[in-house]
Amino acid sequence: MALYLGMSSMLHTIEVAGILAFASSGFIEARRKRMDVVGVFTVAFITAFGGGTLRDLLLDRRPLFWVENQEYPIVIFIMSLLAIPFLRRLRSTAMENAIVVADALGLGLFSVTGSSLALEVGMPMFICVMMGVITGIFGGVLRDIICNEIPLVFRRSHLYATCAFAGCWTYLLLNWLDVSEVVALGFGVGICFALRMLAVRFDWKLPI
Amino acid sequence: MALYLGMSSMLHTIEVAGILAFASSGFIEARRKRMDVVGVFTVAFITAFGGGTLRDLLLDRRPLFWVENQEYPIVIFIMSLLAIPFLRRLRSTAMENAIVVADALGLGLFSVTGSSLALEVGMPMFICVMMGVITGIFGGVLRDIICNEIPLVFRRSHLYATCAFAGCWTYLLLNWLDVSEVVALGFGVGICFALRMLAVRFDWKLPI
Amino acid sequence: MALYLGMSSMLHTIEVAGILAFASSGFIEARRKRMDVVGVFTVAFITAFGGGTLRDLLLDRRPLFWVENQEYPIVIFIMSLLAIPFLRRLRSTAMENAIVVADALGLGLFSVTGSSLALEVGMPMFICVMMGVITGIFGGVLRDIICNEIPLVFRRSHLYATCAFAGCWTYLLLNWLDVSEVVALGFGVGICFALRMLAVRFDWKLPI
């Protein structure tokens, strides 16, 4: 029980860090395209919640995560209003590294919980993995489409979707082996995070 | 009662004017990209109904507005077939001004009724505003994505989404003060419209 | 009965051929943009299933086709892993012609069955045609949006959406005349296919 509570509050912390990291990449991209505050908010919002929203549309789950937790869009809205001073701070190397780490944690958490939600409603195995990866990466895909770029995650860059893929399979495998949910989640997130960190550190890419 | 009927038929007239104005901006953009009649119809249709459709997908409302009222897509389809003579008329300054006015009315009406629909199904305050703004602006956003442009509404231009935002808050505030629905709707639409007209007239923009 | 079984297994064969043809155009486009395996899979998958998925979201039908038949995404996934040797074979003229034929069959089948599904849930006539055309063409539209191009089907090229449009009307007309479902489907697909082949052969285009 104590383990569960510890895990649960840890997952919540990771979730908040992940959302902020995803939103930050939206802020940065929107500013690079010289968007005004409406654009900055929309792009940051879609980067943070686009993946989960698409998953929920595909699975027909309602209410949507951000509809139930309106404090998240409100926080992103306030951050958008303050974007200029906020972004100046993002330019420091320490901050950039913090964002890479938080983004990797967010990727792991969003992907693995996406798989877990799909499993809950009885989806077949491969679909659970796809729903997980969609949850993890489609926020960024939509960000790039709005910013009129070919999605970064489809171009040749450090492993990203592949890490989500590995994390989701890890989770599903442990779940199939009847390992407790919280341990399976933890391992799935951990594998995705570790693989992503290694890919960034050692410059791992997929072949074209 | 007479007031209500008067308002109701006025709202219907604004709705038709708004849909035609939204569709016109789709026609113009699609023609500029040298699309054929299929492209012209699709872009005009998505500009007019994309925002409301996205809202209904997010709120899980069915049937969709244009599914229930198939005369709207049929009208846009016929207009697409006649697009070339029709567009020549759009080039006159009088027509351009009429489109700006009708677009501002449409923006107000779509946004405020979008908020009203979200309120009806019990969404929290900030989500109602977001649903209103999505209804008002996402048709244009999807138009620009299909036409391979960064959405105009996110770039630095005359206030647009901000007017929808102000109109939605006005409506929600009046609703919260227990003002009658029809008056709250009227004021919401009016504020959005007035703000938009002022922004165009006096060149108001958001800071970057 | 024998006729029905014959038609049914023929339709299934056409479906598989159509999915493979649609996916192939995704492979080719993704490779042209130098995407890695994640991009190749996603673009191929969305090209093959994007239209039907959008239709099902609009009509609120669940489970989605590819969720119920996970062997389809798995096949596309495996093909993505093998994409390079596979694509070399696509470059032969014989293979290119085979893809054009399979794509035209797929377009007919997807469009007409899209209309049929919309009719089944009681949509009005024009909406049934729109749902059919969306099912047939929106996979390619989404492929082009992700690849940062103006959708090919909206630009001036050989009749494509128009063939789907004609096929859907043929099906609906025959259905309205109380012709048996299987014959109406067959004629709808046939008209779409024949028109598409003629358009490619004789260079038919829509006027701008």
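Residues numbered from 1 in each chain as written. Chains lettered and ligands numbered in written order. Predicted model: local features only at pLDDT ≥ 70, side-chain atom pairs only at ≥ 80, totals over all residues.

(A) How the structure looks around the overall build of chain A. When its secondary structure is counted, chain A shows 9 helices and 0 strands. Secondary structure elements of chain A, listed N to C terminal, follow the sequence α-α-α-α-α-α-α-α-α. Against the compact-globule benchmark of 17 Å for 208 residues, chain A has a radius of gyration of 17 Å, which places it among compact chains. Projected onto the principal axes, the alpha-carbon positions of chain A cover approximately 50 × 40 × 35 Å. In chain A, of all internal contacts separated by at least 6 residues, the share reaching a separation of at least 24 is 70%. (Helix = DSSP H or I, 4+ residues; strand = E, 2+ residues; numbered from the N terminus. Rg over C-alpha atoms; globule rule 2.2 N^0.38 Å. Contact = placed C-beta atoms within 7 Å.)

(B) Spotlight on the interface of chain B and chain C. On the chain C side, the residues contacting the 19 residues of chain B number 21 residues. Among the elements that make up the side of chain B that touches chain C, the one with the highest residue count is helix H2 (residues 37–59) of chain B (5 residues). A per-class count over the side of chain B that touches chain C returns 11 nonpolar, 4 polar and 4 charged. (Nonpolar A, V, L, I, M, F, W, Y, C, P; charged D, E, K, R; others polar.)

(C) Structural view of helix H8 (residues 161–176) of chain A. Between the first and last C-alpha of H8(A) there are 22 Å, a value that for 16 residues agrees with the 22 Å anticipated at 1.5 Å per step. Considered for burial, the residues of H8(A) that qualify are A:Ala161, A:Thr162, A:Cys163, A:Ala164, A:Phe165, A:Ala166, A:Gly167, A:Cys168, A:Thr170, A:Tyr171 and A:Leu172. On its buried face, H8(A) sits against helix H6 (93–120), helix H7 (125–146) and helix H9 (181–202) of chain A together with helix H2 (37–59) of chain C. Remark: A:Asp178 follows H8(A) within two positions and exhibits a positive phi of approximately 65°. (Expected span 1.5 Å × (residues − 1). Buried ≥ 20, exposed ≤ 12 C-beta atoms within 10 Å, placed from the backbone.)

(D) Main features of helix H4 (residues 71–81) of chain B. Residue and element names in this part refer to chain B. Restricting attention to buried positions, one finds in H4 the residues Tyr-72, Pro-73, Ile-76 and Ser-80. In a view along the axis of H4, the buried residues occupy a sector of 95°, so they form one face of it. Opposite the buried face of H4, by more than 90 degrees, sit the exposed residues Glu-71, Ile-78 and Leu-81. (Arc of directions from axis to C-beta.)

(E) Seen up close, the relation of the copies chain B and chain A. With an RMSD of 0.0 Å, the fit of chain B onto chain A corresponds to turning through 120° and sliding 0.0 Å along the axis. Such a combination of turn and shift is consistent with a three-fold rotation axis. If distances are taken from each C-alpha of chain B to the rotation axis, the shortest is found for B:Asn148, at 3.8 Å. A low fraction, 14%, of the interface residues of chain B reappear at the interface in chain A, so the copies pair through non-equivalent surfaces. (Least-squares fit on C-alpha atoms with pLDDT ≥ 70 in both.)

(F) How the structure looks around the packing of H7(A) against H8(A). Residue and element names in this part refer to chain A. The interhelical angle for the contact between H7 and H8, taken along N-to-C directions, is 135°, at an axis separation of 9 Å. With respect to each other, H7 and H8 are oriented oblique. Considering how the two elements wind past one another, H7 and H8 form a crossing that is right-handed. In contact with Met-125, Cys-128, Val-129, Gly-132, Val-133, Gly-136 and Ile-137 of H7, H8 contributes Ala-161, Ala-164, Phe-165, Cys-168, Trp-169 and Leu-172. The class makeup of the residues in the contact of H7 with H8 is 11 nonpolar, 2 polar and no charged. (Axes fitted to C-alpha atoms, helices over the stretch in contact; angles between N-to-C directions. Parallel < 35°, antiparallel > 145°, perpendicular 65-115°, else oblique. Left-handed = near helix turned anticlockwise from the far one by under 90°.)

(G) How the structure looks around the interface of chain B and chain A. Taken together, the contact between chain B and chain A spans 21 residues of the former and 19 residues of the latter. Counting only elements with at least two residues in the side of chain B that touches chain A, the list comes to H2, helix H7 (125–146) and helix H8 (161–176) of chain B. Ranked by residues supplied to the side of chain B that touches chain A, first place goes to H7(B) with 4 residues. Residue classes in the side of chain B that touches chain A are distributed as 15 nonpolar, 2 polar and 4 charged.

(H) Structural detail: the confidence of the model for chain A. Residues and elements named next belong to chain A. Counting all residues, the mean pLDDT for chain A is 89, and 92% of those residues have values of 70 or more. Between the elements of chain A, mean pLDDT differs from a low of 64, seen in helix H5 (residues 83–90), to a high of 96, seen in H8. At the level of chain-chain contacts, confidence expressed as ipTM amounts to 0.90, with global pTM at 0.92. (pLDDT = per-residue confidence, 0-100.)

(I) Up close: the nonpolar core. Counting 203 residues, the largest nonpolar core has A:Ala44, A:Cys192, B:Ala44, B:Cys192, C:Ala44 and C:Cys192 as the members making the most contacts within it. Excluding residues within four positions of it along the chain, C:Ala44 makes contact with C:Ala23, C:Gly26, C:Phe27, C:Ala30, C:Ile76 and C:Ser80. (Core = buried A, V, L, I, M, F, W, Y, C linked by C-beta atoms within 7 Å.)

(J) The packing of H8(B) against helix H9 (residues 181–202) of chain B, seen in detail. All names here are of chain B. Here H8 crosses H9 at 155°, and the two axes come no closer than 8 Å. Looking at the two axes, H8 sits roughly antiparallel to H9. As H8 runs across H9, the sense of the crossing is right-handed. From H8, Cys-163, Ala-164, Ala-166, Gly-167, Cys-168, Thr-170, Tyr-171, Leu-174 and Asn-175 reach across to H9, where they touch Val-183, Ala-184, Leu-185, Phe-187, Gly-188, Val-189, Ile-191, Cys-192, Leu-195, Arg-196 and Ala-199.

(K) View of the relation of the copies chain B and chain C. Overlaying chain B on chain C yields an RMSD of 0.0 Å, the required transformation being a rotation through 120° with an accompanying axial translation of 0.0 Å. A share of only 16% of the interface residues of chain B reappears at the interface of chain C, consistent with the copies meeting through non-equivalent patches.

(L) A look at unusual backbone geometry. For the peptide bond that leads from A:Arg62 to A:Pro63, omega is -5°, which places it in the cis range. Within the secondary structure, A:Pro63 is located in the loop between helix H2 (37–59) and helix H3 (65–68). At C:Asp178, a residue that is not glycine, the phi angle is positive and equals roughly 65°. By secondary structure assignment, the location of C:Asp178 is in the loop between helix H8 (161–176) and helix H9 (181–202). By the C-beta count within 10 Å, which is 7 here, C:Asp178 ends up exposed.

(M) Spotlight on the environment of C:Ser115. Looking at where C:Ser115 falls in the secondary structure, it is placed in helix H6 (residues 93–120). As for C:Ser115 and C:Ala30, which are separated by 85 residues in sequence, their C-alpha atoms are 29 Å apart.

(N) Looking closely at the environment of B:Leu119. All names here are of chain B. Within the secondary structure, Leu-119 is located in helix H6 (residues 93–120). Sequence separation between Leu-119 and Gly-132 is 13 residues; the distance between their C-alpha atoms is 10.0 Å. If sequence neighbours within four positions are ignored, Leu-119 has contacts with Cys-128 and Asn-175.

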